[in-house]
Amino acid sequence: MTSPMDVDSKKPNTGELDEALYSRQIYVMGKEAMQKMTSCDVLVLGCKGTGIEIAKNIVLAGVRSVTLCDSGLAEISDLGAQFFLQASDVGKPRASVCAKRLAELNNYVEVRALEGEFSAAAVAKFSVVVVTSQVLSTALQVNAVCHAAGIPMVSADCLGIMGSIFCDFGDTFVVNDTSGEEPLTTLVSQIGKDEAGLVTTHDENRHGFEDGDFVTFTEVQGLEELNGCTPIQITVKGPYCFSIGDTSKLAGEYTGGGYAIQVKQPKTIAHKPLLQAIAEPQFLDSDFAKMDRPMQLHLLSQAISAFRDENAGKFPTPGVAVHLERVMTLCKELNSKLASPVELSEPLLRTVAAGAAGEISPMCAFIGGIAAQEVLKAASGKFGPITQWFYFDATEALPNALDNPLTAAEIAPAGNRYDAMTAVFGRTVMGKLQKQRYFLVGAGAIGCEMLKNWALMGLASGEGGQITVTDPDNIEKSNLNRQFLFRPWDVTKPKSVCAAAKVKEMNADVRIDAQIHKVGEESEDIYSDDFMEGLSGICNALDNVSARMYMDSRAVYYKKPLLESGTLGTKGNIQVVVPFQTESYASSRDPPERSIPVCTLKNFPNQIEHTIQWARDVFEGLYVQGAEDANAYLSQADFLDKLEMQPGVRKPTLQQLHSNLTADRPRSLEDCVKWARIRFDEYFHNTIAQLLFNFPLDMQTTVGTPFWSGTKRPPLVHRFDVNDVTHLDFIVSAANLRAATYGLKGSVDRAWFKKAAAAVQTVEFVPKSGIKIAGNEAEATASAAEPIDDEEAEGEKII
């Protein structure tokens, strides 16, 4: 029986998405996937470090309900990885203690604690089941029920320096979108009419398709039957061509144009049940340098579970040799029963097994993050799941080589919250961690996770230790979806202050100083030489490149280690910078984004990205650059002198200043409407009419091919129609923005705008001969290089 937890301000799940809360997630997942998630009920079996990490992530993501099941009582060792337990909770039921604190993360998610003895049959009422910190026999019982009922099950465990995930989504799980990427679109240059149906794409960009993808077509000329056709499975023949099969029976011949558009197809996935998957494992490799390890860790995981079965559920005790030997014996026995036994690395297995008794927070965060993503995949049908085992180890982080294990005295438990960390890294390293002085820059999503992990690890919890965290931002509602240290009642408060307070709740011994300064030259009197030289290291949790570059330069100058990371949707990156051993952050840069040629942007756009960039450039010129130049002219006595040193920029800047400050300066909203009406004609009628005058629709190139073909798409001339909703939208928006720029009162009265726009008198545009328009990028480059003889004279005339 489940009992709901009372949570203040709990909001009913009406099916409507709170876009203010979930804005970032909707961007990544899409509304359809999010709607499916809000109808999902999840059972989390096991509330130690791994289980609570998964529960935290899926509550933030916004499933309908989360039920916690754990009949165990909180122990002091739990505090090393379980951030919802405090020292005062030791001896209390884990699930009930955590449930209310977990519910605070999201008012739209119902959180319950399952009371009474757990039975495998109880899982049948849930949409997804998560199994953590259980012996194998329990996981097998739960999986048998789940697989028979078609309920996706995700199992996750952290055993010291090693973690594992297992997914069973049933026999016929349908993935609607395996990658989550936007469908690809490519420009067609030729379609063969034969049995192969070879489609050649324009050589400006690779098509990016893969064998087995499905495509449809649009705007194809000649073979019109392909436009909007049922998706066709393709065979890739090269980076610029693919086959769609027999096209010989289609009417007509290909004459030009067209786009091939990828059509995402649902994919049905069949997973083996746990018992079969143990015997016939499929692995997702976590490290191509360790491809021999997954099977070894697979056997070790089973051996540790068998040890627990023999010892009333207890793990091998760190430093107790007889326990370690028993695990190794069990592992070797399991290996001998395989049809093809694998070569075992005893140093690896002994090292991992020696610290397997505890969960360490960094491993729980890593495994818990991935496992939670698998739960969301099961709930939403978006992104392909792990098939089916995932093993990860971080033995590189250990202080000693695998063949030089830590002594029993180094790893023996002391009965405190740091026993798991001590079992993995040893007492000496633990002592060093407690004395670390770290500077965390940023307290957003990554910053919150870092502070949580540091607090549970005991970083800066000893004499001389210190964490300094700075972030000038205040908490916003949208932050609550991914920055778990904050609560609804923290909105508008400083991020760093609230985060530090939460960290102290997790571990009162942590020494932390919260600040709200922005890093940069303006704060170097605060983050001075003395401050920087006293640090053990720096961690960036930033959201912009300029601040990252600045902190990197400081780390290099003061020879301090730097931890750098970032996320973008479902993707993320980490860079560890160590003085004299690795390159710095600034030493390598992302490849520059492919720029759009000016000629394409102005005259021949052929993709939606081109039109978006054009609109951004126009907006920047009308409402940003022009206003900034006008303010600079009015406030800086030497503005014109500085402009003299910028040939090519001087004339257009002066022209815009003259227009904004004198000739076209608005005195009323009516003036702004007139200005907007003229801009409409300029952008959507006059420029296009002149372009088509220079390059008529029937024009041919020097080699006899149509000028308007390939990437050149003929535009349409638009005459302003006051009854066209889109046309009027432009007038309303442009005029209001213009009014706001000059401090004039705007309006949302569309009837008034309609009347005002209709009253504007404009001059009929007639295309002119002799106007040069570049027909390609080479001509545009040559035109830009031509000297402008009258620029100085024109500039003086304007002044």
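Residues numbered from 1 in each chain as written. Predicted model: local features only at pLDDT ≥ 70, side-chain atom pairs only at ≥ 80, totals over all residues. Heavy atoms only, no water.

How should the overall build of the chain be read in this particular structure?
When its secondary structure is counted, the chain shows 25 helices and 24 strands. Taken along its principal axes, the extent of the C-alpha atoms in the chain is 95 × 75 × 55 Å. Each of the 799 residues in the chain was classed as buried or not, and the buried ones make up 46%. Long-range contacts, defined as pairs at least 24 residues apart, comprise 71% of the intrachain contacts of the chain with a sequence gap of at least 6. Total accessible area on the chain stands at roughly 39000 Å², and carbon and sulfur atoms take up 53% of it. (Helix = DSSP H or I, 4+ residues; strand = E, 2+ residues; numbered from the N terminus. Buried < 20%, exposed > 50% of the residue type's maximum accessible area, 1.4 Å probe, protein only. Contact = heavy atoms within 4.5 Å. Areas by Shrake-Rupley, 256 points an atom, 1.4 Å probe, with all protein chains shown as cover.)

How should the sheet that holds strand β11 (residues 214-218) be read in this particular structure?
Sheet strands pair via backbone hydrogen bonds, and the direction of the pair is either parallel or antiparallel. Taken together, 7 strands build an open sheet; the order of strands is β12-β11-β15-β9-β10-β14-β13 and the sheet is antiparallel. Every other strand in the sheet has two partners, leaving β12 (232-233) and β13 (235-238) as the edge strands with one partner each. Where strand β10 (residues 198-201) and strand β14 (residues 241-243) come together, 3 bridges link them in antiparallel fashion. Following the sheet pairing, Val199 is matched in β14 by Phe242. (Pairing = 2+ DSSP bridges.)

Explain helix α4 (residues 94-103) to me, please; I cannot follow it from the model alone.
Think of an α-helix as 3.6 residues a turn; residues three or four steps apart then line up on the same face. The element α4 is largely enclosed, with a buried count of 7 among its 10 residues. Listed in full, the buried residues belonging to α4 are Arg94, Ala95, Val97, Cys98, Ala99, Leu102 and Ala103. Along its buried surface, α4 packs onto α3 (49-61), β3 (65-69) and β4 (110-114).

Please explain the confidence of the model for the chain as it appears in this structure.
As a note on interpretation, predicted positions should not be read in detail where pLDDT is low. Across the chain, the average pLDDT comes to 89, with 94% of residues at or above 70. Here residues 1-10 is modelled with pLDDT under 50, and outside its nearest four sequence neighbours on either side it reaches 28 contacts, counting other chains as well. (pLDDT = per-residue confidence, 0-100.)

Explain the state of the cysteines here, please?
For the structure on display, the rule yields 0 disulfides. No disulfide involves Cys539; its sulfur sits 12 Å from that of Cys448, the nearest cysteine. Taking relative accessible area as the criterion, Cys539 reaches 2% and is therefore assigned buried. (Disulfide = S-S within 2.5 Å.)

Sorry if this is basic, but what is going on with the side chain of Asp629 here?
Position of Asp629 among the secondary structure elements: in helix α18 (residues 608-635). Of the residues examined, Asp629 reaches a relative accessible area of 14% and is grouped as buried. The residues touching Asp629, leaving out its near neighbours within four places in the chain, are Phe639, Thr653, Gln656 and Leu657.

I would appreciate a short explanation of the sheet that holds strand β19 (residues 437-441) in the present structure.
On the basis of which strands lie adjacent, the open sheet formed by 6 strands has the order β21-β20-β19-β22-β23-β24 and mixed pairing. Taken across any chain shown, the strands that pair with only one partner, and hence form the sheet edges, are β21 (512-515) and β24 (571-577). Each adjacent strand pair in this sheet contributes to an overall mean axis angle of 15 degrees, direction not counted. Contacts from helix α13 (residues 445-457) reach β19, β20 (466-470), β21, β22 (537-540) and β23 (562-568) within the one sheet, and its direction differs from that of β19 by about 160 degrees. Sheet strands in contact with helix α16 (residues 545-558) are β19, β22 and β23, and its direction is about 165 degrees off that of β23. (Axes fitted to C-alpha atoms, helices over the stretch in contact; angles between N-to-C directions.)

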